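Observations on chain architecture
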Amino acid sequence: LAGIAAVEGRSDVLVFADAGHVFPDAWLERLVAPIAKGEAEVTTGYYAVTPARDGWAEWGFALSVEFLSWLRRVPGIGQPWGGATAISRDTFDRLHVADAWRDAVVDDVVLARVLKEAGVRARAMPGIRLDTPVEAMAFADWYEWLVRQFQYIRFILPGTWFAAGVWGDLLMAGAVVALVLVVTGLAGVTSALLVAVSALYLAVLAVVMLEIRRMHPAPCSAGRWLAVGFLTLAVACLAHL
């Protein structure tokens, strides 16, 4: 808010960026271009976590971030990310964003609510991917980060929080049931049809995870990514609960 006040009357576009990331060349020009051309009122980039070591928590954090990056591209969501967001000054003032931020604890989720209420969509810019190096991360740190993400939307966008939780819990429950059916099917207890359906369900989840893996600039092996993916799904459900 102090920064916004400092450029009062001297800015056509406001850009917000986190200092703790490595920015690609020409990121600012590319982020602002759709606003300058009148094609969008708000644009947003995202980031990719690059772990320095091959730990479960580090790759779980990286996969969580990649999933959110993938989710932001779904039409109709338009969730901005404060670490690389641009908004025209006219839109910022018209929607009274500064007033919404005055009593807020997080910028981007509050901005998402303001944009949703006004019917304005943030344009995701897939080409603007900031690099976030992570030296080491404890499992508890990753878990607390997930809890914090859910807490933000729980209080600011409760409908989204509820829907995300139900969706994730159903996905996890389905994965557990499918895994049990496949294992019991191999033991000759479950019918071949149930085993086939369960295997197909797990295969679809695996394909989605591998598709998300393609987005990462330097992913771990496919096998490790899949193992971390199912762990992430379980930890995310726990964090939501």
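Read on for an overview of the structure. In this numbering scheme, every chain counts its residues from 1 along its sequence in written order. Restriction of local features to residues with pLDDT of at least 70 applies here, the model being predicted, together with a cutoff of 80 or more for giving and counting side-chain atom pairs; totals for whole chains, interfaces and linings are based on all residues. By convention in this description, side-chain values take in all heavy atoms of the structure and omit both hydrogens and water.

Next up on the list: the overall build of the protein. Check the secondary structure of the protein and you find ten helices and four strands. Each helix is a run of DSSP H or I of at least 4 residues and each strand a run of E of at least 2, with the numbering of both proceeding from the N terminus. Ordering the α and β elements of the protein from the N terminus gives α-β-α-β-α-β-α-α-α-β-α-α-α-α. In terms of overall dimensions, the protein has a C-alpha envelope of 75 × 35 × 35 Å along the principal axes. Whether two residues are in contact is decided by their heavy atoms, any of which lying within 4.5 Å being enough. Long-range contacts, defined as pairs at least 24 residues apart, comprise 75% of the intrachain contacts of the protein with a sequence gap of at least 6. Only the protein chains shown count as covering a residue, and every accessible area follows the Shrake-Rupley method with a 1.4 Å probe. Carbon and sulfur atoms make up 64% of the accessible area of the protein, which totals about 12500 Å².

In this section: the packing of aromatic side chains. Classification of ring pairs uses Phe, Tyr and Trp, with its six-membered ring standing for Trp, and accepts pairs whose centres are within 6.5 Å; under 30 degrees between planes counts as stacked, over 60 as edge-to-face, and the remaining range as tilted. Under the definition given, this model contains twelve aromatic pairs. An angle of 40° between the planes, with centres 5.7 Å apart, marks the rings of F67 and W70 as tilted. Of this pair, F67 and W70 both sit in helix α3 (residues 56-71), three residues apart, which is roughly one turn of that helix. One aromatic cluster is present, formed by F16, F92 and W101 through successive ring pairs. Between R154 and the ring centre of W161, over which it is positioned, the NZ or CZ distance is 5.9 Å. We call a charge positioned above a ring when the Lys NZ or Arg CZ atom is no farther than 6 Å from the ring centre and deviates by at most 35 degrees from the ring normal. Its guanidinium or amino end placed over the ring of W56, R224 lies 4.7 Å from that ring's centre, counting from NZ or CZ.

Ranked by size, the top nonpolar core spans 53 residues in total, and within it Y47, F61, F92 and V97 carry the most contacts. Not counting the four nearest positions on each side in its chain, V97 is found in contact with I87, F92, L111 and V114. To qualify as a nonpolar core, a set must consist of buried Ala, Val, Leu, Ile, Met, Phe, Trp, Tyr and Cys residues joined through side-chain atoms within 4.5 Å. A simple rule labels every residue: compare its accessible area, found with a 1.4 Å probe on the protein chains alone, to the largest value its type can have, and call it buried under 20%, exposed over 50%, or partly exposed in between. One finds A175, V182, L202 and L205 within the second-largest nonpolar core, a separate group that totals five residues.

A pair of packed helices is captured by two measures, namely the crossing angle of their axes and the spacing between those axes. At a minimum axis separation of 10 Å, helix α6 (residues 107-118) and helix α7 (residues 139-156) run at an interaxial angle of 35°. Handedness of the crossing formed by α6 with α7: right-handed. Counting all contacts with α6, which are made through V109, V110 and R113, the residues of α7 involved are Y152, I153 and I156. The residue inventory of the contact of α6 with α7, partitioned by class, reads five nonpolar, no polar and one charged. To get an axis, fit a line to the C-alpha atoms, keeping to the stretch in contact for a helix; angles then go from 0 to 180 degrees between the N-to-C directions. Here a crossing is called left-handed whenever its near helix is offset anticlockwise from the far helix by less than a right angle, and right-handed whenever the offset is clockwise. The residue classification treats Ala, Val, Leu, Ile, Met, Phe, Trp, Tyr, Cys and Pro as nonpolar and Asp, Glu, Lys and Arg as charged. All others, Gly included, are polar.

Attention shifts here to unusual backbone geometry. One non-glycine residue, A26, adopts positive backbone phi at about 60°. Relative to the assigned elements, A26 resides in the loop between β1 (13-17) and α2 (27-36). A26 sits in the partly exposed class, given a relative accessible area of 43%. If you check the backbone angles, H96 has positive phi at about 55° while not being a glycine.

It is worth spelling out the pairing of strand β3 (residues 84-88) at this point. Along β3, five of the five residues are buried, which leaves the element largely enclosed by surrounding structure. Neither face of β3 is open: one carries A84, A86 and S88, the other T85 and I87, and all of them are buried. Pairing between strands requires that DSSP locate at least two bridges from one strand to the other. When β1 meets β3, the two strands line up antiparallel, connected through five bridges. Bridged to V15 within β3 is A86. As paired strands, strand β2 (residues 42-51) and β3 are joined by three bridges and run antiparallel to one another. Looking at β3, one finds that T43 is bridged to A86.

A pairing counts as a salt bridge when a side-chain nitrogen of Lys or Arg comes within 4 Å of a carboxyl oxygen of Asp or Glu. Considering all chains together, one arrives at nine salt bridges under this definition. Put simply, R214 and E211 hold a salt bridge, and the shortest N to O gap is 3.2 Å. A relative accessible area of 65% places R214 in the exposed class.

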